[in-house]
Amino acid sequence: MISFLQNYKSQPMIKRVTLPLVIIVFYLGFSMSLIAQEHSHTHDDSHHAHEHVDLAHHQEQGTNANDLAPMQAKLKTGQGDYIFSWNKELTAAFPKEAQEFEPKMHGGFNEDPETGIVYTGIPGYGLCAISADLTKWSVLGTDKRLKDNIHGIVFFVHKGKKHLAVAQEGKRVLVLTLDGQIVSEILKPTGTEFKFAPANEFFASKDSNFGVTDVTYLKGTLYVAHGYSKGDFVMTIKEKNGAWSWGKLAWGGKGDNPGQFKTAHGIYAHKNKILVANRAAGQVVRFTKKGKFVETFNEIPTGSLVCNVSYKDEHYFLNALSAIGDQKSAPLYVHSGEKLVSTVIPGDLDIPVLTNIHQVWPHYVTKNGQKQLYLLVHGWNKGKFAVLKLEE
């Protein structure tokens, strides 16, 4: 610029008249250069902003920012055709009003196969019905006895009418209608009821207790497991003129021999046979309906304290009470009746609180013509209700 002015001063007068015009042109060109640079900088910002918009758009369309990072694998447990995940939504359907009682859970499930309604008990809260889709819970009946622990439960149809029976350890067996109305209360035997001397001798003793743990139904007869006791028996209850009372049939006793028990904990009727979960022996034992020993299941892992047994999808579902070895929780087993098919460890699914398991119950939910298998888990020790879903 200085050089330009020096040159200008040495020019003839005629050329000096052009000075204002030259200065204006010079500054105009300089300003245009700055504007161009500013425009270029603004264009870069706009380009990056567009990239951010595209990224946000991708995050909306492609779910979330996990597209830019490895997604956490879904937790699963089991083998073969029986691999399960934790269904948090159905687990959360557990009623809020019952949550304070959940740590005391110490029971199981049963269901009406016609309606799909599942029945269970929560001590302190009451007898409950769970809708077939597992989304709604309701309390049945108002009798205070239904708030005592329901350790075992069975749905059954007797003479064309639907009933429930519940085993309340240390207290009673109740037979009731589906709306919670009690039909009969069966208390501890006196020692004269059975055609089985060991059972009569035990209950006639002053030292005897009433340790009923579970109940099932087969062809007009209720079968009761009495495993929380030195009198480790299976006993029967019969109906006459609408009232239920102890029958004549009983069998078992504490011991290792076939037909004896080491905590007859769970009992389940299937295919005209009676299955008993012989807990401390780690067995599922099959009997005729008259109490004759048939066989025990094979391939139940050593150390399994088998609590209960149920059946669905051409397989038996059973559970141990506690973990074996380094397992994170008690295991669930899927069994063909001949061999073990899958070992399911709910603890591998990071379900809070759940360590000990009292019962597992298989249940189908039908939606849009499709059937989905779930496992309902009834915890023990610290309680806990949980639902597992079969993975496709």
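Heads up: the structure comes first, above all this text.
Right, let's walk through the structure included here. Source: prediction; values computed, not measured. (Residues numbered from 1 in each chain as written. Predicted model: local features only at pLDDT ≥ 70, side-chain atom pairs only at ≥ 80, totals over all residues. Heavy atoms only, no water.)

## Topic: the side chain of Ser 329
Note that Ser 329 resides in the loop between strand S20 (315-320) and strand S21 (332-335). Exposure remark for Ser 329: the relative accessible area of 1% places this residue in the buried category. A polar side-chain atom of Ser 329 sits 2.8 Å from the main-chain amide nitrogen of Gly 347. (Helix = DSSP H or I, 4+ residues; strand = E, 2+ residues; numbered from the N terminus. Buried < 20%, exposed > 50% of the residue type's maximum accessible area, 1.4 Å probe, protein only. Polar contact = N/O pair within 3.5 Å; in protein donor to acceptor, adjacent residues only side chain to side chain.)

## What to know about the pairing of strand S15 (residues 264-270)
Extensive coverage of S15 is indicated by the burial of 7 of its 7 residues. Here S15 folds back onto strand S16 (residues 273-278) in antiparallel fashion, the turn holding 2 residues, of which Lys 271 has a positive phi close to 50 degrees. (Pairing = 2+ DSSP bridges.)

## Describing the pattern of salt bridges
What the rule picks out here adds up to 12 salt bridges. A salt bridge links Glu 391 to Lys 74, with the nearest nitrogen and oxygen atoms 3.1 Å apart. Taken together, the residues Glu 391 in the segment after strand S25 (385-390) and Lys 74 in the loop between helix H3 (19-61) and strand S1 (77-79) connect sequence positions 317 residues apart. By relative accessible area, which is 53% here, Lys 74 ends up exposed. Notably, a salt bridge pairs Arg 286 with Glu 295, separated by 2.8 Å at the nearest N-O pair. Here the salt bridges share partners, and the residues they tie into one network are Asp 143, Arg 145, Asp 148, Arg 172 and Glu 185. (Salt bridge = Lys/Arg side-chain N within 4 Å of Asp/Glu carboxyl O.)

## Remarks on the sheet that holds strand S9 (residues 172-176)
Strand order in this open sheet of 4 strands is S7-S8-S9-S10, and the pairing throughout is antiparallel. Single-partner strands in this sheet number two, and they are strand S7 (152-158) and strand S10 (182-186). Looking at each pair of strands side by side, their axes are set apart by 20 degrees on average, direction ignored. Here 5 bridges tie strand S8 (residues 161-168) to S9, and the two strands are oriented antiparallel to one another. Its bridge partner lying in S9, Ala 167 is registered against Val 173. (Axes fitted to C-alpha atoms, helices over the stretch in contact; angles between N-to-C directions.)

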